[in-house]
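For reference, the chains in residue letters:
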Amino acid sequence: MKRSKISLALATGVTLLVAAAAQPAFAGESKTKPIMGIPSSAVADFGGAYGVHNWVESLFYYIMLDNRINYIFKEFGNVDRQIALNTQLEQMVLGGPNNYQGASMSAAHADLGITMTQFNAVVEAAYNACERNEIKYYACNDLIAALAPFTRVIVTK
Amino acid sequence: MKRLHKSGLRTLQCAAILAAGLVSSSAWAGIYNDGKVLLTGGVFTVDGAGGGGAVPWATISGYETRDGINGSAGFTYVNLPALQVSFYGVNVGLFDRVELSYVDSRLSLNLPNLQTVALVADAAGLDVGTDAWNSTLGMQTYGVKVRLFGDAVYTSDSWIPQVAVGGLYKDNRNVALIHTLGADKTKDYEIYVAATKVLFPISTLVNVTARYTSANEDGLTGFGYCNGGSQTDCHNKRKVRAEVSIAHLVAKNTAIGGEWQQHGSNLDGRSVNVAGLDLSGLTGLLGSAGLGGLSGALTQKKEGDWYDLFMAYAPNKHISFVVAYLMFGNIAVAPAQNGFYFATHLTF
């Protein structure tokens, strides 16, 4: 009886260990498939980590001006945290370090019923943010290309 | 024929009113959509389909996403040394899946040699569908396009393009002039398959289209050909022809690029037919009119492929402008037709 309990505990422990090994340090988004042609200078083109952060702040500024999408982001609350997570995500998809600590894109958007129109509205905000931050159009397209495959999990409606 | 033309105009008006109704009526408010990103629906081709200037793309015209519908109207003016063409049209995009289009075009010939034929034929009492001061080829084009699969913009992690299939039905009004130019049919259909992809790393849209057609000059001078200056030995062999559009985005609202459209050789080296007479009869007439040596001028040159270089500018989602330089090669009896193209595309 006692022995079987121990073996059960052991088994559970081993399972947990295996599961932990299978997961990255953060259980969130991992890199998308390599996006064709994103240059190694992509993060630098945005002005490094600091530049990416500034861009994300501009992105949220334009998102909050757009009635088609601002309510979705407001409902989430804690915009500062959203900006921090997005900065990590954008750096990662541009080929920078993978420090993303948020939920996966599919988990984060599953229940929101995001439409293609709303996704495109964020893309428009992204271009506006690039213009505002004097990031070159071609560099901006690298980021759009890197985020584009997320349409498949973000747009659910 | 005039009545047909009027009904065409009426169709245009109805479509415009319908489109205007869609925008204003609150009942449609839920289904109206302009959610596409700027310029990603393409502009208005001379065939009415969404695409570049001459080449239809796999994109569905208008700014709607799969969430709704959108419509547009287009006007294009082409100015070449020997002819001018105006295109007026409307189209509607449904749920980024289906596109319906209509275009009315008017090609005005400005050819001294054809006008001479007209004068002589007039003197001889023959109807060749042209008069000395007004030789207009009118055509109506009805189109439908269906997106089969793919997303031209957002599948940046694969090579799969957006692919659509489309059909066009073209109906020329000036039957006599089309036959004078030696074509077999004045109305015919075309089928095309288009593949479009935006390559973000080079900010460039690439489109390849294969069109199954027998058109002469996009159908503006009819379809197929007839041998021997009569309408008895006629052929309308459709073939697959290639078309390519490349548009480089220099900014989110500005594209520059070029197009190539392969053309056939149906009318190459054929004489202008005058009401079933072969040219020997006409040269007799011309000779007696003191215009011998004109027969060479009435032999149609090798039809050139269409090339163009364009710049498209969309200041907002309601209007865009395209200017282009066209290199159309020889058209009918007119050699080396290079000129300009101006188009505007109004999106609701």
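What you see is a predicted model, and the numbers here were worked out from it, not measured in a lab.

Trainee: Which residues make up the pattern of salt bridges, and what are the values?
Mentor: Residues and elements named next belong to chain B. Inspection of every chain in the model, using the stated rule, returns 18 salt bridges over all chains. A salt bridge links Asp218 to Lys170; the shortest N-O distance between them is 3.1 Å. Of this pair, Asp218 sits in the loop between strand S9 (204-213) and strand S10 (225-227) while Lys170 sits in strand S7 (residues 162-172), placing them 48 residues apart in sequence. The two residues Asp218 and Lys170 agree in class, both being buried. Where Glu243 meets Arg211, a salt bridge forms, and the shortest distance between an N and an O atom there is 2.5 Å. Of this pair, Glu243 sits in strand S12 (residues 239-251) while Arg211 sits in strand S9; the two residues are 32 residues apart in sequence, bridging distant segments of the chain. The class for Glu243 is buried, based on a relative accessible area of 2%. For Arg211, a relative accessible area of 1% gives the class buried. A single network of salt bridges, built from pairs that share partners, joins Asp47, Lys170, Glu190, Arg211, Asp218 and Glu243.

Trainee: Before we move on, could you go through the UniProt feature "binding site: heme" (unreviewed entry) in chain A and cite the residues and values that matter?
Mentor: All names here are of chain A. This chain's UniProt record puts "binding site: heme" (unreviewed entry) on His109. When you line up the elements, His109 lands in helix H6 (residues 105-109). Not counting residues up to four positions away in its chain, the partners in contact with His109 are Val153, Ile154 and Thr156.

Trainee: Could you give me a rundown of the state of the cysteines, with the residues and numbers involved?
Mentor: For the structure shown, the criterion picks out two disulfides over all chains. The disulfide partner of Cys130 of chain A is Cys140 of chain A, and the S-S distance across this bridge is 2.1 Å. Because the torsion about its S-S bond is 85°, the bridge between Cys130 of chain A and Cys140 of chain A counts as right-handed. Pair noted here: Cys130 of chain A is in helix H7 (residues 116-132) and Cys140 of chain A is in helix H8 (residues 137-147), with a separation of 10 residues, a long-range link. We classify Cys130 of chain A as buried; its relative accessible area is 2%. With a sulfur-sulfur separation of 2.0 Å, Cys226 of chain B is cross-linked through a disulfide to Cys234 of chain B. On the sign convention where negative means left-handed, the S-S torsion of about 100° between Cys226 of chain B and Cys234 of chain B marks this disulfide as right-handed.

Trainee: Kindly report on the packing of aromatic side chains, identifying the contributing residues and their values.
Mentor: Residue and element names in this part refer to chain B. Going through the model one piece at a time under the given rule, you end up with 11 aromatic pairs over all chains. An angle of 45° between the planes, with centres 5.4 Å apart, marks the rings of Phe75 and Tyr88 as tilted. Here Tyr88 lies in strand S4 (residues 83-94) and Phe75 lies in strand S3 (residues 69-80), a separation of 13 residues in the sequence. Ring centres of Tyr102 and Tyr142 lie 5.2 Å apart, and the angle between their planes is 50°; on these two criteria the pair is classed as tilted. You can see Tyr102 sitting in strand S5 (residues 98-109) and its partner Tyr142 sitting in strand S6 (residues 135-149), a full 40 residues away along the chain. When its relative accessible area of 5% is taken as the criterion, Tyr102 is described as buried.

Trainee: Give a detailed account of the nonpolar core, specifying residues and quantitative values.
Mentor: If you look at the biggest cluster of nonpolar residues, it comprises 96 residues, and the most contacted ones within it are Phe46, Trp55, Leu59 and Tyr127 of chain A together with Tyr154 and Tyr341 of chain B. Ranked by residues supplied to this core, first place goes to H7 of chain A with nine residues. Contact partners of Tyr341 of chain B, with chain neighbours within four places excluded, come to Phe44, Val46, Gly53, Thr76, Tyr77, Val78, Val322, Val323, Ala324 and Leu326 of chain B. Residues Ala49, Ala58, Ala164 and Ala194 of chain B belong to the second largest nonpolar core, which totals six residues.

Trainee: Help me get a handle on unusual backbone geometry, residues and values and all.
Mentor: Residues and elements named next belong to chain B. Even without being a glycine, Leu39 presents a positive backbone phi close to 70°. Relative to the helices and strands, Leu39 resides in the loop between helix H1 (2-24) and strand S1 (43-44). Classification of Leu39 by relative accessible area gives buried; the value is 12%.

Trainee: Outline the interface of chain B and chain A, supporting the account with residue identities and numerical values.
Mentor: When the parts of a complex come together, some accessible area is lost, and that lost area is often used as the size of the interface. Between chain B and chain A, the residue contacts involve 24 residues of the former and 27 residues of the latter. Around 2300 Å² of area is buried between chain B and chain A when both sides are counted, 54% of it from carbon and sulfur atoms. Per-residue buried area on chain B facing chain A is highest for Tyr154, Asp157 and Lys252 of chain B; these three make up 32% of the total on that side. Taken together, the links from chain B to chain A amount to three salt bridges. Here Lys317 of chain B and Glu124 of chain A are joined by a salt bridge, their closest N and O atoms 2.6 Å apart.

Trainee: Describe in detail the side chain of Glu64 of chain B, supporting the description with residues and values.
Mentor: Checked against the element boundaries, Glu64 of chain B lands in the loop between strand S2 (50-51) and S3. The contacts of Glu64 of chain B, once residues within four sequence positions are left out, are Asn33, Lys36, Ile69, Asn70, Gly93, Leu94, Phe95 and Asp96 of chain B.

Conventions adopted
- Residues numbered from 1 in each chain as written.
- Chains lettered and ligands numbered in written order.
- Predicted model: local features only at pLDDT ≥ 70, side-chain atom pairs only at ≥ 80, totals over all residues.
- Heavy atoms only, no water.
- Salt bridge = Lys/Arg side-chain N within 4 Å of Asp/Glu carboxyl O.
- Helix = DSSP H or I, 4+ residues; strand = E, 2+ residues; numbered from the N terminus.
- Buried < 20%, exposed > 50% of the residue type's maximum accessible area, 1.4 Å probe, protein only.
- UniProt positions renumbered as here; feature names shortened; annotations may be inferred.
- Contact = heavy atoms within 4.5 Å.
- Disulfide = S-S within 2.5 Å.
- Phe/Tyr/Trp six-rings, centres within 6.5 Å; stacked < 30°, edge-to-face > 60°.
- Core = buried A, V, L, I, M, F, W, Y, C linked by side-chain atoms within 4.5 Å.
- Buried area = accessible area lost by both parts, 1.4 Å probe.

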